[in-house]
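Listed below, chain by chain, are the residues.
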Amino acid sequence: MIFAIEEINNSSEILPGVTLGYRIYDSCAAIPVALKAALDLMNGQEAVFSTNTSCTKPAFVPAIVAESGSTPTIAISRVVGPFSIPVVSYFATCACLSNKHEFPTFFRTIPSDYFQATALAQLVKHFGWTWIGAVRSDNDYGNFGMAAFLQAAQAEGICIEYSEAFYRTNPREKILKVVDVIKKSTAKVIVAFLATGDMLVLLQELSTQDIPALQWVGSETWLTDPEVLHYNLLSGSIGFGIPKSVIPGLKEFLVKISPAEIASSPLLTEFWESAFSCSFSANNTSSSKKVCTGSENLRELQNPYTDTSQLRITYKVYKAVYAIAHSMHILACNNLTVSRCDKNTKIEPGQVLQQLKTVNFTTKSGDRVYFDANGDPAATYELVNWQVNEEGKAQLLTVGHYDASAPEGQTFTMNDRTIIWAGGKSKIPKSVCSESCAPGTRKAVQKGRPACCFDCVPCAEGEISNTTDSTDCMTCPLQYWPNAQKDKCIPKPIEFLSFGDVLGIILVVFSITGAFVTSAVGVVFFIFRSTPIVKANNSELSFLLLFSLTLCFLCSLTFIGQPSDWSCMLRHTAFGITFVLCISCVLGKTIVVLMAFRATLPGNNIMKWFGPTQQRLSVLGFTLVQVLICILWLIISPPFPNMNMKYYAERIILECDLGSAGAFWAVLGYIGFLSAMCFVLAFLARNLPDNFNEAKFITFSMLIFCAVWITFIPAYISSPGKFTVAVEIFAILASSFGLIICIFVPKCYIILLQPEKNTKKHMMGKVPSKSL
C-alpha cells in the first residue's frame with residue numbers, strides 16, 4: 001500500500017501536484033479492533049503508538065482500504081456505510097458483500113466467492129467426483145462460500161457426504177470431531193472453504209492421524225498461502241487462486257530500507273530482527289542472536305518478503321489504492337490541465353463513492369480495473385496444483401484458468417496432463433458413492449440416501465439408455481426395438497411367411513405337388529375320356545373341377561412372400577372365387593347324380609331341366625355371386641399390407657389387413673353355404689343304386705372339406721404372425737387334397753390299375769341291399 005501511494009505521489013499522470021497521505025491500522029483479525037480503527041478514521045482521530053501522546057487534530061478520510069477478512073469487513077461496511085465512506089477490500093470474498101442494499105459503499109478488487117463456488121463445482125464435476133466431503137470456516141467467509149458451493153454443486157449433480165464447520169478458537173474436541181468425520185468418511189475428495197488460520201489448525205490435527213491420501217480441493221485463501229506448503233498430506237491439492245501478477249519496482253522498494261526507517265518503526269524493527277536472527281538491543285544476552293547493525297542485505301534474504309514472483313493478494317491491494325486514486329483524480333483534476341491538479345479541492349467521501357462506480361483504468365501490468373453494479377471486479381482465477389519438485393519442495397503450478405466474463409463454454413481452460421494428484425499419482429482419483437451405471441441401465445436412488453447413491457436397474461422391455469449414469473430409459477420408436485445390450489434402438493425384424501422359410505418351402509412343395517397331381521389326373525381323364533367311368537361322372541364338370549382344383553393349389557402360393565397391395569387383393573379374391581368354382585362343380589355333379597336317379601323313374605322327365613347347358617349356367621351363377629362379393633370388397637374396403645406391431649412387441653408382423661372383415665367372412669360364409677348344401681345333397685344320394693356311385697365320394701370329400709374349414713376358424717383367429725397365413729394355406733391345401741383324393745383317386749385307380757372294371761356292364765351291376 002505504501003509503495004502504491006508513493007508511486008502515485010511521484011507520478012505526473014495521476015493526481016499531479018497532489019500528495020496522498022495514509023494511515024494504517026492493524027485490526028489483528030478482531031472485529032472490535034477493526035471497528036475502533038474505522039471509528040477513528042471516521043472521526044479523524046490520528047493513530048497513536050505512545051500512551052503519552054494524544055492528538056485530536058482532525059484528519060479527512062475520503063476512502064478506506066479494508067479488510068482482509070469478510071467478517072471484519074462486514075462490520076466496518078455497516079458502520080461507515082451510512083456516512084457514504086467507500087470501503088475497498090482486497091481480500092474479503094464473501095458473496096454476501098455484493099448485496100448493495102446492505103453494503104452500498106462496498107467495493108473489492110478480489111472476485112466474489114459466488115464465482116469461486118461456481119468454478120469449484122464445475123471443477124469437481126469435470127473430474128467426475130460426485131461424492132465429496134466439505135469443511136469450512138465457521139464464519140461469514142466459510143459459511144457463505146460453502147452455501148454458494150453447495151448450491152452450485154447440487155445443480156451439477158454432486159452429493160455431499162458431510163459438511164463440517166469449525167473455527168480456530170473452538171475447543172480441541174470440536175476439531176477432533178471434524179477429523180474423525182473425515183477419517184471415517186468414504187469420500188476421497190474434500191472441498192475446503194477455510195481461512196488459512198483454520199486450515200493450519202486442522203492440518204496440525206490431521207498430521208497426527210493415520211489417514212489415507214485424500215484429494216483436497218481448496219479455496220483461494222489457503223491454497224496459495226506458503227504457510228501450508230509444509231504439510232505433505234496436501235500434496236496434489238488443486239483449486240483456484242488469485243492470478244499471480246508482477247508489480248514493477250516493488251522488490252526494489254522492499255529491499256531499500258534505511259536504518260533510520262527501521263529505528264522509527266516498531267513493525268520494521270521486529271521484522272528485521274526476525275528475518276536476520278539478530279537484535280537491536282545492546283542488552284541482548286541470548287547467545288544465539290547477534291547484534292543487528294541495520295546494514296544487513298535484504299537482497300540476500302530468501303523468504304516470502306523478498307519473493308515478488310507470486311504476488312496474488314498483494315496485487316489486489318495495489319489495485320485498491322489505484323482505484324481510489326483514479327476516482328480522486330477525476331474529482332481534483334477534471335477541469336484543470338493534466339500537468340497539475342488543485343490540491344485544495346475539497347473531496348467528499350460521497351463523491352469518491354460515485355466515481356468508484358464508474359472508474360475504469362488499466363494498470364502498468366496491463367490489467368483492466370473496473371467494478372460492476374455490485375462493486376465486484378471481473379472474476380478471474382488460476383487453477384493451481386501443489387506438486388513436489390525434484391528437490392522435494394512443494395511448489396504451485398498453474399494448470400488452468402477460469403474467466404467468468406468469457407463466452408459460455410470458454411470460461412474454463414485446463415491442461416489435465418500436467419496435474420499431479422493426491423499421493424503423487426498421475427491418475428485421477430475416484431470419489432463416487434455408487435459406480436456408474438452402464439448404458440442399458442438406469443439409476444434408481446437408494447431410499448433414504450443422497451441422489452448419488454443408487455442402484456443400476458436394467459431398462460424395461462422396449463426401453464434403452466445410451467449414456468452412462470442415465471436417470472431414465474427412453475422408449476424406442478414404434479418401428480424400433482432395443483438390442484441385446486439395451487443401449488441402442490434397432491429396426492424391428494419384419495416377419496412374414498417367405499419362400500425362404502422352412503415352413504414356406506414345405507407349403508410351396510405341397511402346393512406344387514397338389515397342382516401337379518391334379519394336372520396328372522386331368523391328363524389321365526383326358527386320355528381315357530371315352531371310357532365309361534369318365535363318361536358316367538360328367539366329364540365336362542370333372543374337367544372344370546380339376547381345373548378349379550389346380551387353381552386352388554396354385555392360389556395358395558399368393559399367400560407366401562412379402563405382402564403388397566396387389567398380392568393382398570389377389571390372394572383373398574383368388575381363393576374365394578376358385579373355391580366357389582370348385583364347390584360349384586362338386587355341387588353340380590351331386591345334383592346330376594340326384595337328377596339322373598329321378599330321371600329313371602317312370603314318367604319323370606326332369607333331366608331335360610338339368611342338362612349340360614343348365615349345369616354350366618348353375619356353375620357360372622354360383623361363381624358370379626362370389627365374384628360380385630369380391631368386387632364389392634375391393635371397391636369398398638380392399639385388403640392392404642399392414643405392419644402389425646400389436647401382437648409382438650419386439651418384431652413387426654407384415655400381413656395383409658382384411659380391409660373389411662365383414663367381406664372376408666361373407667366370402668368364407670358363401671363357400672361354407674355351398675359346401676354345406678353340397679354335403680347334404682351328397683349325403684342324401686350316397687346309397688342310390690349304382691355300382692360306382694360318385695355321391696359317396698363327394699360325401700366324404702365334403703365331410704373333410706367342412707371339417708377342415710370349421711377347425712380353420714379358431715386356428716386362424718388364435719395363430720400368431722406368419723402362422724396365421726400358414727393356417728390359411730394349410731386349410732386350402734387340405735381341403736383341395738381332400739377333394740382330389742376322395743373324388744378322383746378312386747376313379748384313377750380303376751382306370752389305371754383295374755381297367756376290367758371300367759365297363760358299362762360293371763358300373764350298372766350290383767345294387768346295394770339296403771336302401772335309403
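Since we're looking at a predicted model, the values are computed, not measured. (Residues numbered from 1 in each chain as written. Predicted model: local features only at pLDDT ≥ 70, side-chain atom pairs only at ≥ 80, totals over all residues. Heavy atoms only, no water.)

Draft legend 1. Broad picture of the overall build of the chain. Counting secondary structure elements, the chain contains 22 helices and 24 strands. In summary, the chain has a C-alpha radius of gyration of 52 Å against a globular reference of 28 Å for 772 residues, an excess of more than 25%. Taken along the three principal axes of its C-alpha coordinates, the chain extends 165 × 65 × 40 Å. Scored against the burial criterion, the 772 residues of the chain give a buried share of 46%. The contacts of the chain with a sequence gap of at least 6 include a subset with a gap of at least 24, amounting to 65%. Summed over its atoms, the accessible surface of the chain is roughly 38300 Å², and 59% of this surface lies on carbon and sulfur atoms. (Helix = DSSP H or I, 4+ residues; strand = E, 2+ residues; numbered from the N terminus. Rg over C-alpha atoms; globule rule 2.2 N^0.38 Å. Buried < 20%, exposed > 50% of the residue type's maximum accessible area, 1.4 Å probe, protein only. Contact = heavy atoms within 4.5 Å. Areas by Shrake-Rupley, 256 points an atom, 1.4 Å probe, with all protein chains shown as cover.)

Draft legend 2. Representation of the sheet that holds strand S13 (residues 380–388) within the structure. With respect to topology, 8 strands assemble into an open sheet ordered S5-S4-S6-S7-S8-S13-S14-S15, the strand pairing being mixed. Looking at strand neighbours, the two that pair on one side only are strand S5 (159–166) and strand S15 (412–414), the edges of this open sheet. Direction aside, the axes of adjacent strands within the sheet are offset by 25 degrees on average. Pairing of strand S4 (residues 131–137) with strand S6 (residues 189–193), which is carried by 4 bridges, proceeds in the parallel orientation. Considered in S6, the bridge of Arg136 is made with Phe193. This element, helix H5 (residues 140–155), spans S4, S5 and S6 of the sheet and lies at about 155 degrees to S4. Here helix H7 (residues 196–206) sits on the sheet and contacts S4, S5 and strand S7 (215–218); the angle it forms with S7, its principal contact strand, is near 170 degrees. (Pairing = 2+ DSSP bridges. Axes fitted to C-alpha atoms, helices over the stretch in contact; angles between N-to-C directions.)

Draft legend 3. Local environment of the side chain of Thr573. Along the chain, the position of Thr573 falls in helix H17 (residues 565–599). Assessed through its relative accessible area of 10%, Thr573 is described here as buried. One polar contact links the side chain of Thr573 to the main-chain carbonyl oxygen of Met569, over a distance of 2.6 Å. For Thr573, the residues in contact, after removing those within four places along its chain, are Cys630 and Leu634. (Polar contact = N/O pair within 3.5 Å; in protein donor to acceptor, adjacent residues only side chain to side chain.)

Draft legend 4. Geometry of the nonpolar core. One finds Phe575, Trp709 and Phe744 to be the most contacted residues of the largest nonpolar core, which totals 66 residues. Only helix H14 (502–527), helix H15 (532–536), helix H16 (539–555), H17, helix H18 (612–636), helix H19 (661–684), helix H20 (694–718) and helix H21 (722–753) provide two or more residues apiece to this core. When near neighbours in sequence (up to four residues on either side) are disregarded, Phe575 contacts Cys555, Phe559, Leu570, Leu668, Ile671, Trp709 and Ile732. Formed by 36 residues, the second largest nonpolar core is a distinct cluster that contains Leu120, Leu123, Ala379 and Tyr402. (Core = buried A, V, L, I, M, F, W, Y, C linked by side-chain atoms within 4.5 Å.)

Draft legend 5. Layout of the pattern of salt bridges. On inspection of all chains with the given rule, the structure shows 13 salt bridges. Its salt-bridge partner being Asp40, residue Lys36 comes within 3.3 Å of it at the nearest N-O pair. A residue pair is termed a helical-turn pair when its members lie 3 or 4 positions apart in one helix, as Lys36 and Asp40 do in helix H2 (residues 31–43) at 4 residues. The class of Asp40 is buried, set by a relative accessible area of 15%. Put simply, Glu348 and Lys346 hold a salt bridge, and the shortest N to O gap is 3.8 Å. (Salt bridge = Lys/Arg side-chain N within 4 Å of Asp/Glu carboxyl O.)

Draft legend 6. Molecular detail of helix H4 (residues 113–126). Over its 14 residues, H4 runs 19 Å from end to end, which matches the ideal 20 Å to within 8%, given 1.5 Å per residue. Of the positions making up H4, those classed as buried are Asp113, Gln116, Ala117, Ala119, Leu120, Ala121, Leu123 and Val124. Looking one or two places after H4, you find Gly128, whose phi comes out positive at around 75 degrees. (Expected span 1.5 Å × (residues − 1).)

Draft legend 7. Region of interest: the packing of H16 against H21. Put simply, H16 and H21 touch, their axes get as near as 10 Å, and they point 150 degrees apart. The pairing of H16 with H21 is recorded here as roughly antiparallel in orientation. With respect to the hand of their crossing, H16 and H21 are arranged in left-handed fashion. The residues of H21 that touch H16, namely those facing Ser542, Leu545, Leu546, Leu549, Cys552, Phe553 and Cys555, are Ile732, Leu733, Ser736, Phe737, Leu739, Ile740, Ile743, Phe744 and Lys747. For the contact of H16 with H21, the per-class residue count stands at 13 nonpolar, 2 polar and 1 charged. (Parallel < 35°, antiparallel > 145°, perpendicular 65-115°, else oblique. Left-handed = near helix turned anticlockwise from the far one by under 90°. Nonpolar A, V, L, I, M, F, W, Y, C, P; charged D, E, K, R; others polar.)

Draft legend 8. How the structure looks around the packing of H14 against H21. Across the interface, H14 lies against H21 with an axial gap of 10 Å and an inter-helix angle of 25 degrees. Taken together, the axis directions place H14 and H21 in an arrangement best described as roughly parallel. The chirality of how H14 crosses H21 is left-handed. Along the contact surface, H14 presents Leu503, Leu507, Phe510, Ser511, Gly514, Thr518, Val521, Val524 and Phe525, while H21 presents Phe723, Ala726, Ile729, Leu733, Phe737, Ile740, Phe744, Lys747, Cys748, Ile751 and Leu752.

Draft legend 9. Layout of a nonpolar patch on the surface. On the surface, a cluster of nonpolar side chains totalling about 530 Å² of accessible area is made up of Leu628, Ile631, Leu632, Ile635 and Ile636. Here Ile635 is to be found in helix H18. (Patch = residues over 30% accessible without salt bridge, like charges linked within 9 Å, V, L, I, M, F, W, Y side chains within 5 Å.)

Draft legend 10. A look at the pairing of S6. Within S6, 5 of the 5 residues are buried, which leaves it mostly tucked inside the rest of the structure. The pairing of S6 with S7 spans 4 bridges and is parallel. Note on S7: the bridge partner recorded for Ile190 is Trp216. For the handedness criterion, the β-α-β arrangement of S6, H7 and S7 is classed as right-handed. (Right-handed = clockwise from strand over helix to strand, strands pointing away.)

Draft legend 11. Main features of the packing of aromatic side chains. Throughout the structure, instances matching the rule amount to 23 aromatic pairs. With a centroid separation of 6.3 Å and 70 degrees between ring planes, the pair formed by Trp222 and Trp386 is classed as edge-to-face. A residue pair is termed long-range when its members are at least 10 positions apart, and Trp222 in helix H8 (residues 220–223) and Trp386 in strand S13 qualify at 164 residues. You can call Trp222 buried: its relative accessible area is 0%. Assessed through its relative accessible area of 1%, Trp386 is described here as buried. The ring of Tyr370 is capped by Arg368, whose NZ or CZ atom sits 4.3 Å from the centre of that ring. Looking at Arg529, its charged tip hangs above the ring of Phe526, at a distance of 4.2 Å from the centre. (Phe/Tyr/Trp six-rings, centres within 6.5 Å; stacked < 30°, edge-to-face > 60°. Lys NZ or Arg CZ within 6 Å of the ring centre and 35° of its normal.)

Draft legend 12. Region of the structure containing unusual backbone geometry. Note that the residue after Ala66, namely Glu67, is joined by a cis bond; omega there is -5 degrees. Position of Glu67 among the secondary structure elements: in the loop between strand S1 (64–65) and helix H3 (70–80). With a phi angle near 60 degrees, Asp469 is a residue other than glycine that sits in the positive phi range. Here Asp469 shows up in the loop between strand S18 (463–464) and strand S19 (474–475).

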